[in-house]
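A closer look at the structure
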Amino acid sequence: MRIARLLAVCWWFQLKQMTKAGLFVFTSIIEPLIFATLAYYLFKAGHRPGTLLYAALSAGLMGIWTSTLFGSGGAINFQRWQGVLEPLVASPPPYALILFPQTLAAASIGLYSLASTLVWGRVIFGIPLHFVHPVAFAISIVVTIVSLGVLGLVMGASFILYREANALSNMLEFPIWIVTGVIVPLSLLPGWIHPLSWILAPTWGYRAIHNAALGGNPWPGIGIALGLAAVYFVIGQAVVVAFERRARERATLSLV
Amino acid sequence: MSVAVRNRMSYGRDQRLRQTLRIFFHGGYFSYRALFNWQSPRFYVPTMLAGPAFQVLFFAYLGRYSHVRDDAFYVVGNAVQVSGMSGVFGVAITVGGERWTQTLAPLLATPANRMALFLGRALPHIVNGFIVSAFGFAIGRLLLDFHPGLGTIPELAVVVLLSTTTCTAFGLVVGALGLRWRDVFTIANPAYFLMLLFCGVNIPLSALPKWMQVVGSGMPLTHGIAAARRVAHGASLSSVDGLIGKEALIGLCYFAAAYVLLRVFEAEGRRRATLELV
């Protein structure tokens, strides 16, 4: 019960804090709208009108990854800059239980992206919002956000040791969009990329969301994304413990 | 006028010129050095080389999926646009970042020539933007279906250098706005990404609504990218002189706008005592 309360309070606090930050308003709303507009005109120019809902949906999903990336990657650095990383690490609960709700909040912020690109597509471009499996659509979004939050835990933990975390965040936005097939189908990518995409939970989450919205079976994607999220959680906890210990030994926790 | 007076005036002019050039080159160099993170390969390589390279790849594959244009279209468009990583973000941080480092007030308290002061800060970013852009082209050449003739490279370099310069002028405008609005990234982020949409980077301008074409034609890079695409296909520089002329003119307009904005916001910052607010 105490753990559930800790997770809920941290998640809610982080969500409120990020909602008020200009950077996250941009990455979760403005940037996805720019990409949604770009994808709309691109697919329209390529005479693929059937893919317009796909474009709006994909731009929103791209936004979920961007929010997760900058929120999770920056979570530890923000704490460093604010001078609260050391007290948080020294506090009684395991640090993984403090970091996880923060990365989950970063992924949750991505809901703004999805909502804004779908509303934008409907209002500005008149794209009909007809989802083939609405219940599965909602479930697949929740599962994708949780799996991204757990992936964010692994990523954020790795950044404990790497002070230029922002640089990695800047770099990782486009490659994950490519590898997870969020907007470009994996079949167009070189074969050697496929195994890499299979071990990424967002690949399966995105596939489930696309299938639930546009037609297809979303359940295998939901199941695999959940399974991978569980594996990530175990890895994330181990990584947090190992890296936290190393950072304590090297006295680099509070270095900015 | 006596010879002695004329010599004194000439000496004074020479000294002012030397000072201006020193502020332009040394000031620009040191302001770039002061971007301490950027000196580290651990920051520079992921942000300035890998990130833009992945942008080129992403849009090339998106282009293949959308069937709009070939790889060359996306490689040229994005390789030129990624110069904005330095031209927009770098300049915005350099100028707007003076506020965070609390050096803005002392800087503006000096009698230094403002034109030299701020244009000098743009110079290293033009060079850096050119390097970022060249790396984007190299990635396109190595990993995608983009094979311009060797003979086109010098002319392509001229167009890219011009485009990088106009993009940097645009970055100066963004940096100037950073003197007024305290968080420069709130302006720099949309400015960079809107270029992807409006400047014909990934969508042919003809496929956009009329009002977006009008906005795009007044943005930096739009004409430079169009010229670069033709040059990459083998056209000579003289055959794209109209596009080059427009790009240069737009760049000059942005430099002028940046200068005016910087002076206006400097005066306003002094009047409202907001130069040191972070």
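Residues numbered from 1 in each chain as written. Chains lettered and ligands numbered in written order. Predicted model: local features only at pLDDT ≥ 70, side-chain atom pairs only at ≥ 80, totals over all residues. Heavy atoms only, no water.

A tally of regular secondary structure across chain B gives 11 helices and 0 strands. Helices and strands in chain B line up, N terminus first, as α-α-α-α-α-α-α-α-α-α-α. Here chain B has a C-alpha radius of gyration of 20 Å; the compact-globule value for 278 residues is 19 Å, and the two agree. Along the three orthogonal principal directions, the C-alpha set of chain B runs to about 70 × 50 × 40 Å. Classification of the 278 residues of chain B by burial places 54% in the buried group. Residue pairs at least 24 apart in sequence account for 77% of intrachain contacts in chain B once pairs closer than 6 positions are excluded. (Helix = DSSP H or I, 4+ residues; strand = E, 2+ residues; numbered from the N terminus. Rg over C-alpha atoms; globule rule 2.2 N^0.38 Å. Buried < 20%, exposed > 50% of the residue type's maximum accessible area, 1.4 Å probe, protein only. Contact = heavy atoms within 4.5 Å.)

This brings us to the overall build of chain A. Across its full length, chain A carries 10 helices and 0 strands. Start at the N end of chain A and walk to the C end: the helices and strands fall as α-α-α-α-α-α-α-α-α-α. Taken against the 2.2 N^0.38 rule, which gives 18 Å for 256 residues, the C-alpha radius of gyration of chain A at 18 Å falls within 12% of a compact globule. If you line up chain A on its principal axes, its C-alpha atoms span 60 × 40 × 35 Å. Among the 256 residues that make up chain A, the fraction classed as buried is 57%.

This part is about the environment of B:Leu143. Residue and element names in this part refer to chain B. The topology assignment puts Leu143 in helix 6 (residues 114-143). With a relative accessible area of 52%, Leu143 lands in the exposed category. Along the backbone, Leu143 and Leu57 are 86 residues apart, and their C-alpha atoms lie at a distance of 8.2 Å.

This paragraph deals with the packing of aromatic side chains. How two aromatic rings sit relative to each other is set out by the distance from centre to centre and by the angle between their planes. Across all of its chains, the model carries 27 aromatic pairs over all chains by this definition. Taken together, a centroid distance of 6.2 Å and an interplanar angle of 15° make the contact between A:Phe35 and B:Phe59 stacked. Taken together, the residues A:Phe35 in helix 2 (residues 22-45) and B:Phe59 in helix 2 (residues 41-66) connect one chain to another. Side by side, A:Phe35 and B:Phe59 carry an identical accessibility label, which is buried. Seen in terms of ring centroids, A:Tyr40 and A:Phe125 are 3.8 Å apart; in terms of plane orientation they differ by 15°. Their pairing is stacked. A residue pair is termed long-range when its members are at least 10 positions apart, and A:Tyr40 in helix 2 and A:Phe125 in helix 5 (residues 95-125) qualify at 85 residues. Taking relative accessible area as the criterion, A:Phe125 reaches 16% and is therefore assigned buried. Aromatic rings pair up to connect A:Phe26, A:Phe35, A:Phe174, A:Trp177, B:Phe58, B:Phe59, B:Phe89, B:Phe185, B:Tyr192 and B:Phe193 into one cluster. Looking at B:Arg64, its charged tip hangs above the ring of B:Tyr61, at a distance of 4.8 Å from the centre. It is B:Arg69 that lies over the ring of B:Phe73; its NZ or CZ is 5.5 Å from the centre. (Phe/Tyr/Trp six-rings, centres within 6.5 Å; stacked < 30°, edge-to-face > 60°. Lys NZ or Arg CZ within 6 Å of the ring centre and 35° of its normal.)

Put simply, the second largest pocket is a space of about 480 Å³. Lining the second largest pocket are 22 residues; nearest its centre among them are A:Pro175, A:Val179, A:Trp192, A:Leu196 and B:Phe54. (1 Å grid on protein atoms, 1.4 Å probe; cavity = no way out; pocket = protein on both sides within 12 Å on 5 of 7 lines; lining within 4 Å. Points joined across faces, edges and corners; volume = space filled by probe spheres on them.)

Here the focus is the environment of B:Ser66. All names here are of chain B. Structurally, Ser66 is set in helix 2. Judged by relative accessible area, which is 0%, Ser66 ranks as buried. Among the polar contacts made by the side chain of Ser66, one reaches the main-chain carbonyl oxygen of Gly63 at a distance of 3.2 Å. (Polar contact = N/O pair within 3.5 Å; in protein donor to acceptor, adjacent residues only side chain to side chain.)

We now examine the packing of helix 6 of chain B against helix 11 (residues 241-272) of chain B. All names here are of chain B. Interhelical geometry of helix 6 versus helix 11 gives an angle of 115° and a closest axis separation of 11 Å. Classified by chirality, the crossing of helix 11 by helix 6 is right-handed. Residues Arg114, Met115, Phe118 and Leu119 of helix 6 pack against Phe255, Tyr259, Leu262, Arg263, Glu266 and Arg270 of helix 11. Of the residues contributing to the contact of helix 6 with helix 11, the split by class is 6 nonpolar, no polar and 4 charged. (Axes fitted to C-alpha atoms, helices over the stretch in contact; angles between N-to-C directions. Left-handed = near helix turned anticlockwise from the far one by under 90°. Nonpolar A, V, L, I, M, F, W, Y, C, P; charged D, E, K, R; others polar.)

Facing the 34 residues of chain A at the interface are 32 residues of chain B. With both chains or domains summed, chain A and chain B bury close to 3100 Å², and 80% of this area falls on carbon and sulfur atoms. Contact with chain B buries area across many residues of chain A, yet A:Tyr41, A:Leu42 and A:Phe174 alone supply 19% of it, more than any other trio. In this assembly, chain A and chain B are joined by 0 salt bridges. At the junction of chain A with chain B, the criterion picks out 1 residue pair in polar contact (both at pLDDT 80 or more). Mapped onto the side of chain A that touches chain B, the elements with two or more residues apiece are helix 2, helix 3 (52-82) and helix 7 (165-179) of chain A. Top contributing element to the side of chain A that touches chain B by residue count: helix 2 of chain A, with 11 residues. (Buried area = accessible area lost by both parts, 1.4 Å probe. Salt bridge = Lys/Arg side-chain N within 4 Å of Asp/Glu carboxyl O.)

Once that is clear, we can look at helix 3 of chain A. Note that an α-helix has 3.6 residues per turn; residues three or four places apart therefore point the same way. Residue and element names in this part refer to chain A. In this model, helix 3 (31 residues) spans 43 Å end to end at C-alpha, consistent with the 45 Å of a helix rising 1.5 Å per residue. At Ala75, helix 3 shows its largest bend, some 45°. Counting buried residues in helix 3 gives 28 out of 31 residues, a clear majority hidden from the surface. Gly83 sits one or two positions beyond helix 3 and adopts a positive phi of about 75°. (Expected span 1.5 Å × (residues − 1). Bend = angle between axes of the 7 residues up to and from the residue.)

Attention shifts here to the confidence of the model for chain B. Of all residues in chain B, 97% attain a pLDDT of 70 or more, and the chain-wide mean is 88. Across chain B, the element-wise mean pLDDT spans from 77 in helix 1 (residues 3-33) of chain B up to 96 in helix 10 (residues 222-232) of chain B. (pLDDT = per-residue confidence, 0-100.)

Once that is clear, we can look at the packing of helix 2 of chain A against helix 3 of chain A. All names here are of chain A. Interhelical geometry of helix 2 versus helix 3 gives an angle of 150° and a closest axis separation of 8 Å. Comparing the axis directions of helix 2 and helix 3 gives the class roughly antiparallel. Both helix 2 and helix 3 take part in a crossing whose hand is right-handed. Across the interface between the two elements, Phe24, Thr27, Ser28, Glu31, Pro32, Phe35, Ala36, Ala39, Tyr40, Phe43 and Lys44 of helix 2 pack against Leu52, Tyr54, Ala55, Ala59, Met62, Gly63, Thr66, Ser67, Phe70, Gly71 and Phe78 of helix 3. Residue composition of the contact of helix 2 with helix 3, by class: 14 nonpolar, 6 polar and 2 charged. (Parallel < 35°, antiparallel > 145°, perpendicular 65-115°, else oblique.)

Moving on, we come to the pattern of salt bridges. Using the criterion set out here, one finds 7 salt bridges over all chains in the structure. A:Glu249 is paired through a salt bridge with A:Arg245; the nearest N and O atoms lie 3.6 Å apart. Pair noted here: A:Glu249 and A:Arg245 are both in helix 10 (residues 219-249), with a separation of 4 residues, about one helical turn. Here A:Glu249 and A:Arg245 have matching classes, each one exposed. Here the residues in one salt-bridge network are B:Arg114, B:Arg263, B:Glu266 and B:Arg270, joined through shared partners.

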